[in-house]
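Chain by chain, the residues:
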Amino acid sequence: MHSASGRWILLATILGSSVASLDATVVNIALPRIGESLDTDVAGLQWTLNGYTLTLASFILLGGSLGDKLGRRKVFVWGAVGFAVTSVLCAAAVNIEMLVAARVLQGVAGAMLTPGSLALISSSLDERDRGAAIGLWSGFGGVAGALGPFLGGWLIDWVGWQSIFLINVPLVAVVVVLALRHVPESFDPNAPARLDIPGAVVVALALGALTFGLIDAMPLLALSGVLLLAVFVVIEVRSDHPLVPPALFRSRVFTAANLVTLAVYAALGGVFFLLVMELQLVAGYSPLMSGLATVPITLIMLALSAPAGRWAQAHGPRVPMTLGPLLAAAGLILLLRIGPAAGYVGDVLPGVVVFGLGLAVLVAPLTGAVLGAVPASEAGIASGVNNAVARTAQLLAVAALPGLAGISGSLTDPAAFDDGFETAMWICVGLLAAGALIAAVLLRPPRRAPDPASVECLPQCAVAGPAVAPRQRVTHSA
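Basis of the calculations
Residues numbered from 1 in each chain as written. Predicted model: local features only at pLDDT ≥ 70, side-chain atom pairs only at ≥ 80, totals over all residues. Heavy atoms only, no water. Salt bridge = Lys/Arg side-chain N within 4 Å of Asp/Glu carboxyl O. Helix = DSSP H or I, 4+ residues; strand = E, 2+ residues; numbered from the N terminus. Buried < 20%, exposed > 50% of the residue type's maximum accessible area, 1.4 Å probe, protein only. Core = buried A, V, L, I, M, F, W, Y, C linked by side-chain atoms within 4.5 Å. Domains from an automatic or database assignment. Contact = heavy atoms within 4.5 Å. Phe/Tyr/Trp six-rings, centres within 6.5 Å; stacked < 30°, edge-to-face > 60°. Expected span 1.5 Å × (residues − 1). Polar contact = N/O pair within 3.5 Å; in protein donor to acceptor, adjacent residues only side chain to side chain.

A. Just the pattern of salt bridges, in detail. Tallied over the entire structure, the rule returns three salt bridges. Linking arginine 33 and aspartate 157 is a salt bridge whose minimum nitrogen-to-oxygen distance equals 3.5 Å. Of this pair, arginine 33 sits in helix α1 (residues 4–37) while aspartate 157 sits in helix α5 (residues 130–158), and the two are 124 residues apart along the sequence. What makes aspartate 157 partly exposed here is its relative accessible area of 27%. With a closest N to O distance of 3.1 Å, aspartate 68 and arginine 72 form a salt bridge. Judged by relative accessible area, which is 23%, aspartate 68 ranks as partly exposed. With a relative accessible area of 14%, arginine 72 lands in the buried category.

Okay, here's the thing in structure tokens:
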């Protein structure tokens, strides 16, 4: 960093994003203990995850817009404080209804906290430091994700599941102090005069209806959610300040990358929801051991994501975005070996390693495809839309997958859960294969123009090189 203030800004934003990363990894590990403590069934655990994801997915784009308009530091601090308060409410829950309500509110806070960290880096740091800062921000986020299963599993085993929420409070206190003392306020001077409140409300109602309908097996309610999503599309097309600018989807690459995201992240949502429960309920692992069992996934991604991103930048994202989901699918097939008294080295580790390799091959090229498909001025909103698509995919997978796989009711029958887990993993394999097929078909290299001296480069040229504005004429050397 070229200034001391830049280091403080980076520390504040890394800690802020790490709070959300830790929460995302440790809550899954705690689900069996939460179910036992609060005497709830699978549906209650689905809502424990989806209450948070529902509001986060619904309002994350609105949270970014609020920061641009009202002040990025202000909204970031609001989100951090809200996250701490709702974490205390989660820890204080005496029944599943109270926990789910607190998680819903926590998702709203997360929607203000999550977009702000990267926006503050981009707007507040010296331009010479931004690339290195984003790399550090991403790297330490991965470290937080790797530490989460170990820290969360240890806390659950020795203190109780409530501690995974209370650990957020001191971290947030540090974030708020650093942000108020060292992070300058910033705004987007080109932010729209009005916020797309109608779009945010309608998409929240749509996702809420879909989630209720899928978890509680109410087809008409789920159908109403689909219809509300259609209404949301109409609102966005007609709005002069949309949350999701329809023009982004004129790019074939951007559309394809988000379709791949929808399929792949639906599979990931199902895997990470069910895998740790399979390890604890069926294989007999403790929360700590089930958390440690998945750490190789994060370590492999930390080691290989950057090389995969560089390869895709040089050669295009089609190959890694096709191969990555197929490798991940092969990993899931290997994870079907998990059963009662499963050994880690022989039954769990091979699947975890291959699954992690698949994600390492896929994730960075996917992110690069999203950002490379649009002009640099639209990279922020493009990333936000892709993030919202990923969250929505995970939300719907957690809502639908247990019912489709026959996992319902009580968690006291390990044999029934094991049967449902096998079915669910095959569904996830199908989703990953669908993602690979979409990438293979839609991310074809662009055809060369007849005259190599002067070509009109459309957004899909981002497959092979840096993004340029739509319809911008670019002259290449013959």
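B. Representation of the nonpolar core in the model. Core analysis: the largest hydrophobic core is formed by 119 residues, its most contacted members being Leu99, Leu274, Met321 and Leu332. A total of 18 residues in this core trace back to one element, the largest contributor, which is helix α10 (residues 252–282). Split by domain, this core shows at least three residues from each of two domains, domain 1 (1–196) and domain 2 (246–446). Once residues lying within four places of it in the same chain are set aside, the contact partners of leucine 99 are Ile34, Leu38, Thr48, Cys90, Ala93, Trp161 and Phe165.

C. How the structure looks around the packing of aromatic side chains. Enumeration over the complete set of coordinates arrives at five aromatic pairs. Taking the centre distance of 4.7 Å and the plane angle of 50° together, the rings of tryptophan 47 and phenylalanine 212 count as tilted. With a gap of 165 residues between them, tryptophan 47 in helix α2 (residues 42–70) and phenylalanine 212 in helix α8 (residues 197–215) connect regions that are remote in the sequence. Its relative accessible area of 41% is what places phenylalanine 212 among the partly exposed residues. Arranged with centres 6.3 Å apart and planes meeting at 90°, the rings of tryptophan 161 and phenylalanine 165 form a pair that is edge-to-face.

D. A look at the side chain of glutamine 106. For glutamine 106, the position within the fold is in helix α4 (residues 96–124). Note on glutamine 106: relative accessible area 0%, which makes it buried. Not counting chain neighbours up to four residues away, the residues in contact with glutamine 106 comprise Asp23, Tyr52, Phe83, Thr86, Ser87, Cys90, Phe165 and Asn168.

E. Expanded view of α8. Taking 1.5 Å per residue, 19 residues should reach 27 Å; α8 reaches 27 Å between its end C-alpha atoms and fits that length. Backbone nitrogen of glycine 199 and a side-chain oxygen of the N-cap are separated by 3.1 Å at the start of α8; the cap is aspartate 196. Alanine 217 sits one or two positions beyond α8 and adopts a positive phi of about 55°.

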